Amino acid sequence: MSKLQELVEFVAKSLVDHPEKVEVKEIEGEKTTVIELKVAPEDLGKVIGRQGRTARAVRTLLAAVARKQNKRAVLEILE
């Protein structure tokens, strides 16, 4: 499991009511890494936050960690 994947999993599990249902998948591309986050339907609002603020904050953290590794990372929150 990569650092990016671990970061997203840790943050997501800290936010939700059902941490056992958090799934994080990493898809490695040529230039960009896509991190897919899947949570329980009732926890989706907690991960996204009001007007997407929580999701934006997680994406900012992810981008900062990825930049340290000279990578580019994108977070996709799946329903």
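Everything quoted here is computed from the prediction, not taken from an experiment.

Enquirer: Mind showing me how you'd approach the sheet that holds strand β1 (residues 23-28) here?
Expert: Through backbone hydrogen bonds, the strands of a sheet pair up, either in parallel or in antiparallel fashion. The three strands are arranged β1-β2-β3 in an open sheet whose pairing can be described as mixed. Each edge of the open sheet carries a strand with a single partner, namely β1 and β3 (72-78). Across this sheet, the average inter-strand angle for adjacent strands is 20°, counted without regard to direction. The pairing of strand β2 (residues 32-38) with β3 spans seven bridges and is classified as parallel. Across the sheet, the residue bridging to L37 is I77, located in β3.

Enquirer: Please explain the environment of L61 as it appears in this structure.
Expert: Note that L61 resides in helix α3 (residues 53-68). Judged by its relative accessible area of 44%, L61 falls in the partly exposed class. A sequence separation of 27 residues divides L61 from V34, and the C-alpha atoms of the two residues are 14 Å apart.

Enquirer: Explain the nonpolar core here, please?
Expert: Nonpolar side chains in soluble globular proteins generally cluster together in the buried interior. Counting residues in hydrophobic clusters, the biggest one holds 19 residues, and the most contacted among them are L37 and L75. Not counting the four nearest positions on each side in its chain, L37 is found in contact with V8, A12, V22, E23, V24, V47, L75, E76, I77 and L78.

Enquirer: Teacher, can you tell me more about unusual backbone geometry here?
Expert: Glycine aside, negative phi is the norm for most residues, and most peptide bonds take the trans geometry. A positive phi angle is found at Q51, which is not glycine, with a value near 55°. One can find Q51 in the loop between α2 (44-48) and α3. Exposure remark for Q51: the relative accessible area of 68% places this residue in the exposed category. A positive phi is found at N70, a non-glycine position, where the angle reads about 55°. With respect to the helices and strands, the residue N70 is situated in the loop between α3 and β3. Residue classification places N70 among the exposed positions, given a relative accessible area of 73%.

Thresholds applied
- Residues numbered from 1 in each chain as written.
- Predicted model: local features only at pLDDT ≥ 70, side-chain atom pairs only at ≥ 80, totals over all residues.
- Heavy atoms only, no water.
- Pairing = 2+ DSSP bridges.
- Helix = DSSP H or I, 4+ residues; strand = E, 2+ residues; numbered from the N terminus.
- Axes fitted to C-alpha atoms, helices over the stretch in contact; angles between N-to-C directions.
- Buried < 20%, exposed > 50% of the residue type's maximum accessible area, 1.4 Å probe, protein only.
- Core = buried A, V, L, I, M, F, W, Y, C linked by side-chain atoms within 4.5 Å.
- Contact = heavy atoms within 4.5 Å.

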